Amino acid sequence: VLFSDIRSFTTISEKMTPEENFKFINDFMNHMTPIVKKNHGFVNKFIGDSIMAIFHREISDSVDASIDMIHELQVFNNYLIANDQNPIKIGVGINSGRLMLGTLGTHDRMEASVIGDAVNLASRLEALTKYYNCPVLLSGHTVQKLPESRYRLRLIDRVAVKGKEEKTDIFQILDVYTEEMIMRKQKLLPLFDRAYDTFQSGDFVRAELMFKEVITEDSSDHVAKIYLERCSEEGEHMTAERRMLHLM
């Protein structure tokens, strides 16, 4: 299941008339929906400026589609700039699992829809792309079933998304970036992985030093900056706990 959404579209749409809104979204969809079909998927529904697509053949089809969508976005942005409009960003979330395709509605109005836990998590991941500032996020369920070494990935977190108790691994796909940025992030990947593992083990002081080193080499690494803030917050929390124990 793939969800995509235009970032901050409410702000963008406020500057348009209803007619301009429709034209903008339709132009965007005309760029994106052929990519879904090309990668053996189908669009289940349009939700405003969002796309929900299903890929039933291979899980890798959905990942290939997400990469193509980010690359096609540059083409669409060039079109916007040529027409004196601001470029946009999108977020894409992908999850895999069991679901059911059927019809919903009443006797006088029905539509095809899919229901399942896999759908909900894909939607949550798309929402998290804004927080991590990553164009595409994949669930661990998806990554486990992908061909080994086909994609360049980075594990960035393990969280229980809203509405779920079970924690989910979240992966950032690096293939959507420029080759220069991919090479930079791959070079720093061993250091980032050590910093991530150190943070998860609770050694926030050492993790902070390593994340600072990552940011020094790649100032655009928003995920590393998030962890730097977390290290600082955890350090302050531990200091406060020690003070409380001392007072007791």
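Just above sits the structure.
Residues numbered from 1 in each chain as written. Predicted model: local features only at pLDDT ≥ 70, side-chain atom pairs only at ≥ 80, totals over all residues. Heavy atoms only, no water.

The terminal C-alpha atoms of helix H2 (residues 18–38) lie 31 Å apart, and with 21 residues this matches the ideal 30 Å at 1.5 Å per residue to within 8%. Asn30 marks where H2 bends most, by close to 30°; the proline Pro34 follows one to four residues later. Within H2, the full set of buried residues consists of Asn21, Phe24, Ile25, Phe28, Met29, Met32, Thr33, Ile35 and Val36. Where H2 ends, the next residue or the one after it, His40, has phi of about 65°, a positive value. (Helix = DSSP H or I, 4+ residues; strand = E, 2+ residues; numbered from the N terminus. Expected span 1.5 Å × (residues − 1). Bend = angle between axes of the 7 residues up to and from the residue. Buried < 20%, exposed > 50% of the residue type's maximum accessible area, 1.4 Å probe, protein only.)

Using the criterion set out here, one finds 16 salt bridges in the structure. In this structure, Arg152 engages Glu179 in a salt bridge whose closest nitrogen and oxygen atoms are separated by 3.6 Å. Here the residue Arg152 occupies a position in the loop between helix H5 (140–143) and strand S8 (153–159), and Glu179 occupies one in helix H6 (residues 179–200), the gap between them amounting to 27 residues. With a relative accessible area of 26%, Arg152 lands in the partly exposed category. Assessed through its relative accessible area of 48%, Glu179 is described here as partly exposed. A network of salt bridges, in which partner residues are shared, links Glu180, Arg184, Lys185 and Asp218. (Salt bridge = Lys/Arg side-chain N within 4 Å of Asp/Glu carboxyl O.)

Now for the sheet that holds strand S1 (residues 2–6). Spatial ordering of the open sheet is given by S2-S3-S1-S4-S7-S9-S8, a layout of seven strands whose pairing is mixed. Because the sheet does not close on itself, it has two edges, and the strands there are strand S2 (42–47) and S8. Each strand axis lies, on average, 20° off the axis of its neighbour in the sheet, ignoring direction. Alignment of S2 against strand S3 (residues 50–54), held across five bridges, turns out to be antiparallel. Counted as the bridge partner of Phe46 is Ile51 from S3. (Pairing = 2+ DSSP bridges. Axes fitted to C-alpha atoms, helices over the stretch in contact; angles between N-to-C directions.)

To continue, consider the layout of surface pockets. Of the volumes computed, that of the largest pocket is approximately 610 Å³. If you go around the largest pocket, you meet 27 residues; those closest to its centre are Lys89, Asn133, Cys134, Pro135 and Tyr177. Counting only elements with at least two residues in the lining of the largest pocket, the list comes to helix H3 (59–82), strand S4 (90–94), helix H4 (117–132), H6 and helix H8 (222–247). Looking at the lining of the largest pocket, the element that brings in the most residues is H3, giving five residues. The class makeup of the residues in the lining of the largest pocket is 10 nonpolar, 11 polar and six charged. (1 Å grid on protein atoms, 1.4 Å probe; cavity = no way out; pocket = protein on both sides within 12 Å on 5 of 7 lines; lining within 4 Å. Points joined across faces, edges and corners; volume = space filled by probe spheres on them. Nonpolar A, V, L, I, M, F, W, Y, C, P; charged D, E, K, R; others polar.)

With that out of the way, let us pick up the environment of Asn44. Looking at the element boundaries, Asn44 is found in strand S2. A relative accessible area of 13% places Asn44 in the buried class. Residues Asn44 and Ile54 lie 10 residues apart in sequence; the distance between their C-alpha atoms is 6.5 Å. Excluding residues that lie within four positions of it along the chain, Asn44 makes contacts with Met52, Ala53, Ile54, Leu101, Ala112, Ser113 and Val114. (Contact = heavy atoms within 4.5 Å.)

Below, the discussion takes up the packing of H6 against helix H7 (residues 204–217). Axis separation between H6 and H7 bottoms out at 8 Å; the angle between their running directions is 165°. Taken as axis vectors, H6 and H7 run roughly antiparallel relative to one another. Viewed along their axes, H6 and H7 form a crossing whose handedness is left-handed. When H6 is examined against H7, the residues Arg184, Leu188, Leu191, Phe192, Arg194, Ala195, Tyr196, Thr198 and Phe199 are found in contact with a partner set consisting of Phe204, Arg206, Ala207, Met210, Phe211, Glu213, Val214 and Glu217. (Parallel < 35°, antiparallel > 145°, perpendicular 65-115°, else oblique. Left-handed = near helix turned anticlockwise from the far one by under 90°.)

Here we come to the packing of aromatic side chains. With the rule as written, the count across this model stands at 11 aromatic pairs. Aromatic side chains Phe192 and Phe211 sit 5.7 Å apart centroid to centroid with 75° between the ring planes, which places their arrangement in the edge-to-face category. Of the two residues, Phe192 sits in helix H6 while Phe211 sits in helix H7, which places them 19 residues apart along the sequence. Each member of the pair, Phe192 together with Phe211, is buried. Look at Phe199 and Tyr227: their rings are 5.1 Å apart centre to centre, the planes differ by 80°, and that puts the pair in the edge-to-face class. Taken as a pair, Phe199 in helix H6 and Tyr227 in helix H8 lie far apart in primary sequence, 28 residues in all. Through a chain of ring-to-ring contacts, three or more aromatic side chains come together here, namely Phe192, Tyr196, Phe199, Phe204, Phe211 and Tyr227. For Arg154, the ring lying beneath its charged end belongs to Phe192, and the centroid distance is 4.0 Å. Lys185 extends its terminal NZ or CZ atom over the ring of Tyr177, reaching a point 5.7 Å from the ring centre. (Phe/Tyr/Trp six-rings, centres within 6.5 Å; stacked < 30°, edge-to-face > 60°. Lys NZ or Arg CZ within 6 Å of the ring centre and 35° of its normal.)

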